[in-house]
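# Secondary and tertiary structure notes
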Amino acid sequence: MELFHNLVFGFGVAFSLQNLAYCFVGVALGTLIGVLPGVGPLVTIAMLFPITFHLPAVPAIIMLAGIFYGAQYGGSTTSILVNLPGETASAVTCIDGYQMARQGRAGPALATAALASFFAGCVGTLLIALAGPTLGEWALKFGAAEYTSLMLMALVASAVMTQGDAVKGLALVVLGLLVGVVGVDVNSGMARYSFGFPELVDGIGFTVVAVGLFAVAEIVANLESREAREVYAGKVTGLMPTARDIRDAAWPTVRGTALGACFGVLPGTGPALSSFATYMLEKKLARDPSRFGRGAIEGVAAPEAANNAAAQTAFIPMLTLGIPASPIMALMLAALTLQGIAAGPQVMLDKPDLFWGLVASMWIGNLLLVVLNLPLVGLWVKLLAVPYRWLFPSIILFCCIGNYSVSNNPFDLYLCAIIGVLGYVLVKLECEPAPLLLGYVLGPLLEENLRRALLIARGDPTVFFTRPISLAFMIAAVLIFVVMVVPARATRRRT
Amino acid sequence: MQNSPIMRFLALALLACAAPSALAQAPYPVKPIRFLVGFPPGGSNDIVARAIAPKLSEYLGQQVVVDNRGGANTAIATQLMVNSPPDGYTILMNAPGHTTNPALIKLGFDSINDFAFITLLGKAPNLLVVHPSFPPKSVQELIALSKKRPGDVNYGSSGIGTSVHLSAELFQYMSGIKWTHIAYRGGGPGLVALLSGEVSLYFGNFPTVIRQARAGRLRALAATGLKRSAAAPDIPTVAESGVPGYEVSTWWGLSAPAKTPPAILARLHKETVSALNSPDVRSRLEELGAEIIASSPAQYADFIRRDMAKWAKVIKAAGIKSR
């Protein structure tokens, strides 16, 4: 009952005209920057940061939060329409979302993404209200050993993602691993594969890799054949999802939300990993996995739900423990600090208006986002009618702006072009870029945590099996492996 | 012919071309100034720069634009400034990476001679914090325990060569003990590891860890400044608790390319010091646990030289390889 009182109180705070206005500004801005590739929430929040000095704490944090989760909504738009991941977490949405657009189903894909995000946003918000502090403490149970086992499990499961040729898939994961380890090794401080370029010392950015592999490669491949790029608008079949679409997307949305909410709480994993994980899960659960990569609506709903759920629950460690788990949360924490508010276990008691107002505003923000995004679907789909010879230079331009804005470094543009060439070669070899991206994300995390866990255990490998959470992941990894390998061998024997 | 519109236009154009030399006498600055920051938005460097920039803009009568060029612990932004013309239109925020990088990575510039140091803006101590379950209650007890069990204590850091890491290396170097270093990617994960007890010990940046210490989730043993911090006068310094002379600070300073005209440097120094004295900037820096220094250019250059020599020694003794 106390929760109910608190929520009512929170809505009272959030529904003041001022707070509503800032919430709207935040989510609208978030959608916009989510649509623009590379212009991420981090840069936007940093630019608006000084403005918040002159605002009271509650509207300031409501606006900044709106930008962050609003960007997760907008990020899917360009992924679906033009294979250009607008946000880190929406790279996975490219895989099936773009295929849906090619089949004239851009409308349902966009609407599904928005609705799945809304559902996930509501659940995520409720989770913060219900179990924020408990979940925060739970996140602290994850040490290096747990992360190692989790990554290992994810890597094993990633074999499911590869389509057709397993050898190709494995090769791509390994290639991704190699791209991922570029830069300074955390444990020794030595630069690896940096070839003397100081720009490579901090590694290759996610935006550079994702935009190069998906958008640039796609454009090059499209331009190759003259009549290619059939104008999709010609065969757009309905803007809204059909009843069947909704039925197909319902459970994946729920599962994506659950998984995303868990990943969001864990510092250092974040939305990107959660959307990969749910995608793999859905593909494994699907009756016909071959539909994935060819425009399966589950492949849009699940990752979109996951990344939005993760975006909400990522606030938990920041609000309840005062831990900045990502650069964006560090910025939010700084904004709170400059307002004289110490985020931490006491914030719920000391500043109930801030905590409950923010929680309520998140729900309102999610609602605003759906209201904002659904009518836009028709507009976005019309964009596809633009002749490709005009569309592609603008996409390339946005790729460049986005990549440049991440670190204001022209080097990233050259790198993106080179990765675009690599992506084109992959298209020619009929290789999927997704496993490469996954290797890129998981590889460095796995290596880092494995070495850290062993360093802490003074070289004793049993640490992965004596800690309960870690053991659970290890068992799961073995199970996934068995489930995958056994049927394959059985069929081979029969033939 | 002489008075044709084209000729008149050409004459005007010529005059316009000649104008810059005539305007050379015009007071600096005549165009916006680029303020390079070696970290992405959000960190303390960015916060300090964005607090100072509006005041500087006001006093100089030109926009001072913050330009975040993160990477290689400030080396990328620094290289960019060194390559810029020494005309006062590019300035740089220096950070501890400036004095530690020379011993850690190969740089395309000379960390002393390629710079005109303007002022040391301020300093903030780090805080030696431990997990509440870790027995030592003081620096003395910590040293005693570490001597008894060499290599047994795990300390976390936000990465090799960061001030969090080097604070611990200096501590071991000066007190003759040995810990095991567990590196994390950034301050956030490093702090999480300490809160969960994965590591026992951490030299955190002041504003981040003081809250946790106040909430009782961490125990603060000592601050790394030479004097006690005004923001936490109850916490002793490392130097007064058994490691005399120990000092590490996170600091922020302002520099321009070498060969920038002295008049321009003097103007920048004067306006920056005024900016530092404004209540806005002052409160922003105090939130970061910082003490405002506003040193003279000579004092700042001297600080850089001493700091560089100190870290070269510590990094060598700690066996951290340069790359």
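The structure displayed is predicted, hence computed values, not measured ones. Along every chain, residues carry numbers that run from 1 in the direction the sequence is written. Chain letters and ligand numbers both follow the written order, the letters beginning at A and the numbers at 1. In keeping with the predicted nature of the model, local features appear solely for residues at pLDDT of at least 70, side-chain atom pairs appear and are counted solely at 80 or more, and the whole-chain, interface and lining totals rest on all residues.

## Overview of the nonpolar core
- In this usage, the nonpolar core is the set of buried Ala, Val, Leu, Ile, Met, Phe, Trp, Tyr and Cys residues whose C-beta atoms join them within 7 Å. In this scheme every C-beta is placed from the backbone, and a residue whose C-beta has 20 or more other C-beta atoms within 10 Å is buried, one with 12 or fewer is exposed, and one in between is partly exposed. Residues A:I61, A:L64, A:V209, A:M332, A:A335, A:L437 and B:F35 are the most contacted members of the largest nonpolar core, which totals 257 residues.
- Two residues qualify as being in contact provided that their C-beta atoms, derived from the backbone, are within 7 Å of each other. Discounting chain neighbours no more than four positions away, the residues touching B:F35 are B:A49, B:A53, B:V64, B:V65, B:V66, B:D67, B:I91 and B:M93.

## Points about the packing of helix α1 (residues 2–14) of chain A against helix α16 (residues 352–383) of chain A
All names here are of chain A.
- Axes, fitted as lines to C-alpha atoms, cover a helix only where it is in contact. Angles between the N-to-C directions of the axes lie from 0 to 180 degrees. Numbering of helices and strands runs from the N terminus, with a helix taken as a DSSP run of H or I at least four residues long and a strand as a DSSP run of E at least two residues long. Look at α1 against α16: their axes get within 7 Å of each other, and the N-to-C directions meet at 80°. With respect to α16, the element α1 is oriented roughly perpendicular. Only P352, D353, W356, G357, V359, A360, S361 and I364 of α16 make contact with α1, whose side of the interface consists of N6, L7, F9, G10, F11, V13 and A14.
- The residue classification treats Ala, Val, Leu, Ile, Met, Phe, Trp, Tyr, Cys and Pro as nonpolar and Asp, Glu, Lys and Arg as charged. All others, Gly included, are polar. Considering only residue class, the contact of α1 with α16 consists of ten nonpolar, four polar and one charged. In this scheme, roughly parallel covers angles under 35 degrees and roughly antiparallel covers those over 145, while 65 to 115 is roughly perpendicular and the rest are oblique.

## A look at the interface of chain A and chain B
- The interface of chain A with chain B comprises 42 residues on the first partner and 38 residues on the second.
- Among the elements of the structure, α3 (41–52), α14 (327–338) and α19 (434–456) of chain A are those that each provide at least two residues to the side of chain A that touches chain B.
- Ranked by residue count, the leading element in the side of chain A that touches chain B is α14(A), at six residues.

## Details of the domain arrangement of chain B
Residues and elements named next belong to chain B.
- For every domain, the bounds stem from an assignment made automatically or drawn from a database. Split into domains, chain B comes out as domain 1 (33–124 + 249–318) and domain 2 (125–241).
- If you average the C-alpha positions of domain 1 and of domain 2, the two centres end up 26 Å apart.
- The interface is formed by 17 residues belonging to domain 1 together with 17 residues belonging to domain 2.
- Contributions of two or more residues to the side of domain 1 that touches domain 2 are made by α4 (97–104), β9 (249–257), α10 (279–287) and α11 (297–317).
- Ranked by residues supplied to the side of domain 1 that touches domain 2, first place goes to α11 with three residues.
- Along the lines of polarity and charge, the residues of the side of domain 1 that touches domain 2 split into eight nonpolar, six polar and three charged.

## Here we look at the environment of A:I456
- Here A:I456 is to be found in helix α19.
- Here the alpha-carbon distance between A:I456 and A:A144, two residues 312 residues apart in the chain, equals 8.6 Å.
- Residues in contact with A:I456, not counting those within four places in the same chain, are A:A144, B:N154, B:I182 and B:E198.

## Some words on the confidence of the model for chain B
All names here are of chain B.
- The pLDDT score gives, residue by residue, the confidence of the prediction method on a 0 to 100 scale. Looking at chain B, the pLDDT average stands at 87 and 91% of residues meet or exceed 70.
- Across chain B, strand β3 (residues 90–94) holds the top mean pLDDT of 96, while helix α1 (residues 5–23) sits lowest at 49.
- Of the regions scoring below 50 in pLDDT, residues 14–24 engages in one contact with residues more than four places distant in sequence or in other chains.
- Scored as a complex, the prediction yields pTM 0.77 and ipTM 0.74.

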